[in-house]
Amino acid sequence: MKIVLVIDQFDDANNGTTISARRFATALKEHGNEVRVIATGKPTDYKYAVRQMRFLPIVEHLITSQGMRLAIPNKHVFEKAAAWADVVHFMMPSPLAIMGLKHVERLGIPHTAAFHCQPENITFTLHMGNSKRVNDFVYTKFRDTFFNRFTHIHCPSNMIADQLRQHGYTARLHVISNGISPRYTYGRAPQEDWMRGKFNVLMVGRYAGEKRQDVLIDACAQCRHKDGIQVILAGKGPLEKKYRRLAEKLPNPIVMEFYEPDRLLEILHMADLYVHTSDAEIEAMSCMEAFACGLVPVIADSPRSATPQFALDGRSLFPAGDAAALAEKIDWWFEHPEEREEMGKRYGEHAGRYALDRSIEQAEEMFRTAIQEQRK
């Protein structure tokens, strides 16, 4: 198939949607498809380039601090892409996608969408993430301006599919994991000097309100074994200064850094425990990649997060937002290295259920169905 992916930012792998899109594009090509993208950045043989939107400095900072850029819609680009494509797949409901959808509909090109942007990703940035009314408003806005114009939507988890059904989305919902790349396989590696002699607790994710890294910092400060714990927050984002100040109470200096994929993979194979504190999460690729490498996860049990589905037993769950309960879990895994090693192997095996190849086959079937329906 000839597949066009529409995503405002594709070049820089600094947010979850872009990382998933890049992996998705590569895997689709490996399955014999031709893939092009409509995105900001320089034109290439696989990209229809569009210009980046510019905003007032405070708004620009708010958007880029989340690892995002927004694109200026261009109907000529969509007309050119649509003339080539068998199917156009929209990754998020941005102005670029909303305008592009109009042209794809007018031209009669098969089209599908993915639901990667949870309302909380927006509302927490605006300090309204816990307002049900505000989140419901965003779900409704997404539905009425964009998603209910599709007949097929890719949902990375059952949790988000249930949310869409509850909010009146009418498309056929395809629950397909974003998939774990075969690069992430079970393995333990000798720790580097800066990690050696400590119990290294890792979390990967943007420093943003819904991710709740503050809970991990507070928990580790409460642990009985806090003197032996090293907290590693892999990522970047608008709350970095806040978290650095909060972490001053930890006995060992916190490590906060954005790692390129190859370096992060090394750290995943050296860390001792993975913690995922997010209150809202559509799937959490970072957690999946961690347990694929053999790290036992401890996951916030939040009704707005799909991540609890990965827990193999209660030792990998804690009540969302409860730092004291998380501290107890971290201490338990600290004190039971043999159980941690055994469970790490089980989690590595569990990761096979979410293999990327399987996800690509399911996505291809969704695309084929959309194409066949359009041709009838």
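Residues numbered from 1 in each chain as written. Predicted model: local features only at pLDDT ≥ 70, side-chain atom pairs only at ≥ 80, totals over all residues. Heavy atoms only, no water.

A.B. asks: Would you mind going over the packing of helix α1 (residues 16-30) against helix α14 (residues 356-375) with me for this structure?
C.D. replies: Packed helices, taken two at a time, are described by their axes: the angle between them and the distance between them. At a minimum axis distance of 10 Å, the contact between α1 and α14 shows a crossing angle of 80°. In terms of their interaxial angle, α1 and α14 are classed as roughly perpendicular. Residue-level contacts link Arg-23, Phe-24, Ala-27 and Leu-28 of α1 to Leu-356, Ile-360, Ala-363, Glu-364 and Phe-367 of α14. Residue composition of the contact of α1 with α14, grouped by class: 7 nonpolar, no polar and 2 charged. (Axes fitted to C-alpha atoms, helices over the stretch in contact; angles between N-to-C directions. Helix = DSSP H or I, 4+ residues; strand = E, 2+ residues; numbered from the N terminus. Parallel < 35°, antiparallel > 145°, perpendicular 65-115°, else oblique. Contact = heavy atoms within 4.5 Å. Nonpolar A, V, L, I, M, F, W, Y, C, P; charged D, E, K, R; others polar.)

A.B. asks: For this particular structure, what's the right way to read the pairing of strand β12 (residues 297-301)?
C.D. replies: Most of β12 is tucked away, with 4 of its 5 residues classed as buried. Relative to β12, strand β11 (residues 273-276) runs parallel, the two being bridged by 3 bridges. Across the sheet, the residue bridging to His-276 is Ile-299, located in β12. Viewed along the sheet, the connection from β11 through helix α11 (residues 285-292) into β12 turns out right-handed. Sheet analysis places β12 next to strand β13 (residues 317-319), joined by 3 bridges and oriented parallel. Its bridge partner lying in β13, Asp-301 is registered against Pro-319. (Buried < 20%, exposed > 50% of the residue type's maximum accessible area, 1.4 Å probe, protein only. Pairing = 2+ DSSP bridges. Right-handed = clockwise from strand over helix to strand, strands pointing away.)

A.B. asks: Please clarify how the packing of helix α8 (residues 213-222) against helix α12 (residues 323-335) should be interpreted in this entry.
C.D. replies: Close contact between α8 and α12 brings their axes to 8 Å; oriented N to C, the two are set at 60°. It follows from the interaxial angle that α8 and α12 lie oblique. Like other packed secondary-structure pairs, α8 and α12 cross with a definite hand, here right-handed. Counting all contacts with α8, which are made through Val-215, Leu-216, Asp-218, Ala-219, Cys-220 and Gln-222, the residues of α12 involved are Ala-323, Ala-324, Leu-326, Ala-327 and Ile-330. Tallied by class, residues from the contact of α8 with α12 come to 9 nonpolar, 1 polar and 1 charged. (Left-handed = near helix turned anticlockwise from the far one by under 90°.)

A.B. asks: When you look at the sheet that holds strand β2 (residues 34-40) in this model, what are you seeing that I'm missing?
C.D. replies: Within a beta sheet, neighbouring strands are joined by backbone hydrogen bonds and run either parallel or antiparallel to one another. A sheet is described by the order of its strands in space; here 7 strands give the open sequence β3-β2-β1-β4-β5-β6-β7, paired in parallel fashion. Taken across any chain shown, the strands that pair with only one partner, and hence form the sheet edges, are β3 (47-50) and β7 (172-175). For this sheet the average axis-to-axis angle between neighbouring strands, irrespective of direction, equals 20°. Note that strand β5 (residues 111-114) and strand β6 (residues 152-155) share 2 bridges and pair parallel. Bridged to Ala-113 within β6 is Ile-153.

A.B. asks: I tried to follow the sheet that holds strand β8 (residues 199-204) on my own but got confused; where do I start?
C.D. replies: Read across the sheet, 6 strands follow the order β10-β9-β8-β11-β12-β13 without closing on themselves; strand pairing throughout is parallel. Strands with a single pairing partner mark the edges of an open sheet, and in this sheet they are β10 (255-257) and β13. Neighbour to neighbour, the strand axes of the sheet diverge by 25° on average, direction disregarded. Two elements, β8 and β11, share 2 bridges in a ladder whose sense is parallel. Looking at the pairing, Leu-202 lines up with Tyr-274 of β11. Here α11 sits on the sheet and contacts β8, β11 and β12; the angle it forms with β11, its principal contact strand, is near 165°.

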